[in-house]
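Given next are the chains, with one letter for each unit.
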Amino acid sequence: MNFDTFLMVDWSGGNDRGPTPKKDAIWVCAARDGVADAPVYLRNRQVAESWINTFLLDEQAAGRRVLAGFDFSFGYPKGFGQALTGTDDPFAIWDWFENRVKDSPDANNRFDLAGEINAIFPGIGPFWGNAMKRDIPDLPRKGLDRADHGMTERRAVEQVAKGAFPVWQLSGAGAVGSQVIMGLPLLARLRRKHNVSVWPFEPLTAKVALVEIWPSLIAQAVAETQPGDRIKDAHQVLLLARTLSALSKEDLAALLDVPKTVEGSILGLNHQDMLASAAMGPPKPPPLRNDCFAMPQGAHWTPVDDALTHLQGHLSAVTSTQMVSLVDAAGCFLAADAVAQRAHPPAPNAAVDGYGFAGPATDGTQQMPLVAGRAAAGQPYKHDVPPGYAIRILTGANLPNGVDTVVLQEDVSASATEIAFHGPLKRGANARNAGEDMQAGDVILRAGRKLSPADLGTLAAAGVGEVTARAVLRVGILSTGDELREPGDDADVGQIYDANRPMLCAIAARWGYDVVDLGRAPDDRSRLREILDDAASRCDVILSSGGASAGDEDHMSALLQGTGSLALWRIAMKPGRPLALGVWQGTPVFGLPGNPVAAMVCAMIFARPALQVMAGGDWQTPQGFMVPAVFTKSKKAGRREYLRARVEDGRAHVFGSEGSGRVSGLSWATGLVELDDPAQKIVPGDLVRFIPFSSFDI
């Protein structure tokens, strides 16, 4: 019961509605994997039937299975079919209506037909709601005028679906009877033209499944998510299509698991909570608290480790979750544990090309007759291998019954009918056990993991076709300062080129995030406020550089101070002492130093692990290794230092100048030498910790 495409149809029993989209008309919407197309307005039933036929043909030609939902009853209360057609078969009712309904864009005979049906029954009814100006024999205008017709008012499902209208009412607010009469002929024709199964009357084995839907099951979600410029009917087919297409296979199977009934059923009835939750989408992570960056009172100079520990303990994911197909999942962060859908390998199989038999094989020469045929990957041998016999088997082939051991073909002399080899060979040699790698139900990758190409291979081998992943983190990059100019533009001696923004944009992109280039902000507090307002609406986190200290022109710090969220950290490190952190309209802001060297070092040390957590990943500490130094360095106590460095011949060399203004040192270096907080005197040969840029994913 796996479906690729979900098509939802909001039907209508009325006449042509004209070219302009309207409510109470026909709307359709298709969705796949939780992503919906734009809703389509169809002005009348003739246009709609043509569109639906073309859509189903195209989907089947593309090899996709379709679940098509229609918002009208597929059946009538029990006993109606027997009285109308002489059988309870619901398809006989469909065919009866198809043969008698006359329909054009401007007129149809639904009211007259309902009167003719009423004449079959005793008393008055069951249909009512004549909306024509003329009287129609046997069709009352009001429901209270009916009597003694012998039919129940509602199907069994409508007695459970509170608020659902009965199929007998043809006109008036909420009436669905006309939709049914004008919809069943469509369903009858679809059954003939396409490879169709109808739920819940038939097993869903065909390429197209027709199901009955009732959008009111997600009415609250429709009301809470409907954009102001979208017609309700359009939005509810979009939301229902998107919701059903995003359900897990297990949840969809639960919706479809209902008893067979001649009256039909409503998809999702008795599962309203699950549908409503899915319709509202995954729960959004809570916003970061305004005090998430606030260090304990009294901290003047903050050690690097204290700052990192604080961030690790106070940050959390800020991105939503979504279902992602495996082919699109590389680089995504898992939002839920990935579970093996089946064992790997799923059955015992051969690890080599050779000959399989029931082991073990004892010392000395072994001779065995061969059975006819062979076992190959994807071409299993379907018979038993008798004791004492062998079979030709290729790598990856399932071991046939009677085989548990494989002898390597290079160790065998073989004819067309027998083999010979030297033992001994232990039982199970050159064979893999079922599930020796992974068992069905095993957690194979934990939430928070960033999926690598190797992970995709592991997931695929375990039968996992889609994962619950985090949406890609949107990182805004902003530079501040009147002195900045774009590289390549004219600049006078009092101006500098903006090195930070292209560098930080490239770093964030390398980390796999969706980069939003916010440009340059002048030293103008009101203009910076406008830029931050816009950035907060488009970004999950903002990385700015410059204006992070407490001077007259440090407007970033001043604005964050005005929100009550500013944490102006004076980090006990070199380079990169000032960090301004805060929350602007719910969006976290990292105010990095303006100096490019300090900005890059602070981005690597602080922003990288923090952004990974906010993206839904695990906190990561960069890996370094100890190498002998070839430099001399005398370091004072009280702060950590990061020296631009590179390793040559197994020894650490540092850049000739420690000045933060020497930007070229970033290109020269391949990593950082980290000198811890205590005082140190380094001489050539001393071991120092070298952290390659690759440990920062740069």
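See the structure shown above.
Residues numbered from 1 in each chain as written. Predicted model: local features only at pLDDT ≥ 70, side-chain atom pairs only at ≥ 80, totals over all residues. Heavy atoms only, no water.

Undergrad: What am I meant to see in helix α3 (residues 90-100) here?
TA: Most of α3 is tucked away, with 8 of its 11 residues classed as buried. Restricting attention to buried positions, one finds in α3 the residues Pro-90, Phe-91, Ala-92, Ile-93, Trp-94, Trp-96, Phe-97 and Glu-98. Where α3 is buried, its residues meet α2 (80-85), α4 (110-120), α6 (177-193) and β6 (196-198). Residue Asp-89 occupies the N-cap position of α3, its side-chain oxygen lying 3.0 Å from the main-chain nitrogen of Phe-91. (Buried < 20%, exposed > 50% of the residue type's maximum accessible area, 1.4 Å probe, protein only. Helix = DSSP H or I, 4+ residues; strand = E, 2+ residues; numbered from the N terminus. Contact = heavy atoms within 4.5 Å. Polar contact = N/O pair within 3.5 Å; in protein donor to acceptor, adjacent residues only side chain to side chain.)

Undergrad: Teacher, can you tell me more about the nonpolar core here?
TA: The tendency in soluble globular proteins is for nonpolar side chains to be buried as a group. Within the largest apolar cluster, 51 residues are counted, with the highest numbers of intra-cluster contacts made by Phe-70, Tyr-76, Phe-80, Phe-97, Phe-127 and Leu-210. Take this core: its biggest share by element is 8 residues, from α6. Ignoring sequence-local partners within four residues, the contact set of Tyr-76 consists of Ile-93, Phe-97, Phe-127, Arg-155, Val-167, Trp-168, Val-180, Ile-181, Leu-184 and Glu-263. (Core = buried A, V, L, I, M, F, W, Y, C linked by side-chain atoms within 4.5 Å.)

Undergrad: Can you walk me through the layout of surface pockets in this structure?
TA: One way to see where empty space is left: roll a probe the size of a water molecule over the atoms. There is about 1200 Å³ of room inside the largest pocket. Per-element tally for the lining of the largest pocket: the top contributor is helix α10 (residues 272-280), with 5 residues. Here the second largest pocket is characterised by a volume of approximately 920 Å³. Asp-71, Gly-174, Ala-175, Val-176 and Gln-179 are, among the 38 residues lining the second largest pocket, the residues nearest its centre. Elements that contribute at least two residues to the lining of the second largest pocket include exactly α6, α7 (219-225) and α8 (232-246). Among the elements that line the lining of the second largest pocket, the one with the most residues is α8, at 3 residues. Considered class by class, the residues forming the lining of the second largest pocket number 15 nonpolar, 12 polar and 11 charged. (1 Å grid on protein atoms, 1.4 Å probe; cavity = no way out; pocket = protein on both sides within 12 Å on 5 of 7 lines; lining within 4 Å. Points joined across faces, edges and corners; volume = space filled by probe spheres on them. Nonpolar A, V, L, I, M, F, W, Y, C, P; charged D, E, K, R; others polar.)

Undergrad: Teacher, can you tell me more about unusual backbone geometry here?
TA: Glycine aside, the phi torsion of most residues is negative, and most peptide linkages are trans. A cis geometry characterises the amide bond from Gly-423 onward to Pro-424, with omega recorded as 10 degrees. Pro-575 follows Lys-574 through a cis peptide bond whose omega is -5 degrees. One can find Pro-575 in the loop between β26 (573-574) and β27 (578-584). Look at Gln-585: it is not a glycine, yet its phi comes out positive at around 50 degrees. A positive phi angle, near 55 degrees, is found at Asp-649, a position not held by glycine. Relative to the helices and strands, Asp-649 resides in the loop between β31 (640-648) and β32 (651-654).

Undergrad: How should I be thinking about the packing of aromatic side chains in this particular structure?
TA: How two aromatic rings sit relative to each other is set out by the distance from centre to centre and by the angle between their planes. As enumerated under the stated definition, the model contains 22 aromatic pairs in all. Here the aromatic residues Trp-11, Phe-70, Phe-72, Phe-74, Phe-91, Trp-94 and Phe-201 are joined through ring pairs into a cluster of three or more. Across from the ring centre of Tyr-355, 5.2 Å away, lies the NZ or CZ of Arg-392, which sits over that ring. (Phe/Tyr/Trp six-rings, centres within 6.5 Å; stacked < 30°, edge-to-face > 60°. Lys NZ or Arg CZ within 6 Å of the ring centre and 35° of its normal.)

Undergrad: Any chance you could explain the sheet that holds strand β14 (residues 405-408) here in plain terms?
TA: In a beta sheet, neighbouring strands are held together by backbone hydrogen bonds and run either parallel or antiparallel to one another. The mixed open sheet is built from 6 strands, whose spatial order is β14-β11-β13-β12-β16-β15. Each of the sheet's edge strands pairs with one partner strand only, and the pair in question is β14 and β15 (413-414). (Pairing = 2+ DSSP bridges.)

Undergrad: Is there a simple way to explain the pairing of strand β20 (residues 474-480) in this structure?
TA: The side chains of a regular strand alternate between the sheet's two faces. By the criterion of burial, β20 is predominantly enclosed, with 6 of the 7 residues buried. Judged from the 6 bridges that link them, β20 and strand β23 (residues 514-521) form a sheet pairing that is parallel. Within β23, the position partnered with Ile-477 by the bridge is Asp-517. One ladder, built from 5 bridges, connects β20 with strand β24 (residues 541-545); its direction is parallel.

By themselves, these figures tell us nothing about what the structure is for.
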